[in-house]
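Architecture at a glance
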Amino acid sequence: MPCKLPLSATATGISASNMGYGGTGIKLTVYSGDTFSRASAKSFKLTFGEEQPGNDITIPAHTLHNITGHVYAKSDGHTLNVGQVNLSVKDNPALHLMAAVRDDGSFHFECLPGNVTYTLTVSGAADGRNDGPASNFMGMSIPNPEILRKYGTDTTDVLLADSDVDTARLTVTQTDWKPSAKKTKPLNVNPGDLIKGLMGGDDSDDKPE
């Protein structure tokens, strides 16, 4: 069997202040033979108690590249600012990553093995307004956008060869979803005024002069 080395890291540029833009980060397995592909791994045999030095694993970082793209509305081509994009590989089900759609409609996947065709699928696509109050999660402020319009899904395949891809495009169609009517804020009623109203109202103005 080949030796393997797990490699995990947070994607570049992700911090507490922009956690909403994050994703699953980098999760790769490097096999003996300095490859990310199990099919291309170098195997060797060991018998009980045997040691075989010199089988170092070198991470082939020069073969890692990025995929960047945008999510668009089919109706007029504007970019959406809410949703997530999932990345998968047909020949490697274990490699499944997620990236959030950013305010400018973009999504980013970093440090992916090259010479692989990736499948991108967008879900939860929407137009949102981010000027409302944010949610607090473990002391971090997470955007909580007000959803204005929702859209369907789209899938595309991207061949990542020996250089970055920055033209990935996902186009979605608006659904018939409509935001629910906003609830009217309850009135602050003074209990004394309520009792007076039930008993005929305030008679201060009816006092004889």
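The next thing to look at is the sheet that holds strand S6 (residues 106–113). Reading across the sheet, the three strands line up as S6-S3-S12 and stay open at both edges, with mixed pairing between neighbours. The open sheet has two free edges, formed respectively by S6 and strand S12 (165–172), since each of these has just one partner strand. Taking each pair of neighbouring strands and ignoring which way they run, the sheet shows an average axis angle of 25 degrees. Where strand S3 (residues 64–73) meets S12, six bridges bridge the pair, whose relative direction is parallel. Along S12, the bridge assignment pairs Ala-73 with Val-172.

On to the layout of surface pockets, then. Computed from the structure, the largest pocket encloses a volume of approximately 490 Å³. If you go around the largest pocket, you meet 21 residues; those closest to its centre are Phe-36, Ser-37, Val-89, Asp-91 and Asn-92. Within the residue set of the lining of the largest pocket, elements represented by two or more residues are strand S2 (26–31) and strand S7 (116–129). Looking at the lining of the largest pocket, the element that brings in the most residues is S2, giving four residues.

Time to look at unusual backbone geometry. Phi is positive for Cys-111, close to 60 degrees, though the residue is something other than glycine. Considering the arrangement of structural elements, one finds Cys-111 in strand S6. Phi at Asn-115 is positive, roughly 60 degrees, even though this residue is not glycine. Along the chain, the position of Asn-115 falls in the loop between S6 and S7.

Right, let's talk about the pattern of salt bridges for a bit. Oppositely charged side chains can form a pair if their charged atoms are brought close together. Counted according to the given criterion, the structure contains two salt bridges. A salt bridge links Arg-149 to Asp-127, with the nearest nitrogen and oxygen atoms 2.9 Å apart. Taken together, the residues Arg-149 in strand S10 (residues 146–150) and Asp-127 in strand S7 connect sequence positions 22 residues apart. The closest approach of N and O atoms between Arg-129 and Glu-146, which form a salt bridge, is 2.9 Å. Taken together, the positions of Arg-129 in strand S7 and Glu-146 in strand S10 put the pair 17 residues apart, joining distant regions of the chain. Residue Glu-146 is classed as partly exposed on the basis of its relative accessible area of 32%.

Calculation criteria
Throughout, a residue's number is its position along its own chain's written sequence, starting from 1. Confidence filtering applies because this is a predicted model: local features only for residues at pLDDT of at least 70, side-chain atom pairs given and counted only at 80 or more, and all residues used for totals across whole chains, interfaces and linings. Values shown for side chains rest on all heavy atoms present in the structure; no hydrogens or waters enter the calculation. Strand pairing is assigned whenever DSSP identifies at least 2 bridges connecting the two strands. Starting at the N terminus, helices and strands are each numbered in turn, a helix being any DSSP run of H or I of at least four residues and a strand any DSSP run of E of at least two. Axis geometry follows a simple rule: fit a line to the C-alpha atoms, using only the stretch in contact for helices, then measure angles between N-to-C directions, giving values from 0 to 180 degrees. Only protein atoms enter the 1 Å grid used here. Points where a 1.4 Å probe fits but cannot escape make up a cavity, open sets with protein on both sides within 12 Å along at least five of seven lines make up a pocket, and a residue lines them when an atom lies within 4 Å of a point. Grid points are joined across faces, edges and corners, and a volume is the space filled by probe spheres set on the points. We define a salt bridge as a contact between a side-chain nitrogen of Lys or Arg and a carboxyl oxygen of Asp or Glu at a distance within 4 Å. Relative accessibility under 20% of the residue-type maximum defines a buried residue, over 50% an exposed one, and the middle range a partly exposed one, all with a 1.4 Å probe and only protein chains included.

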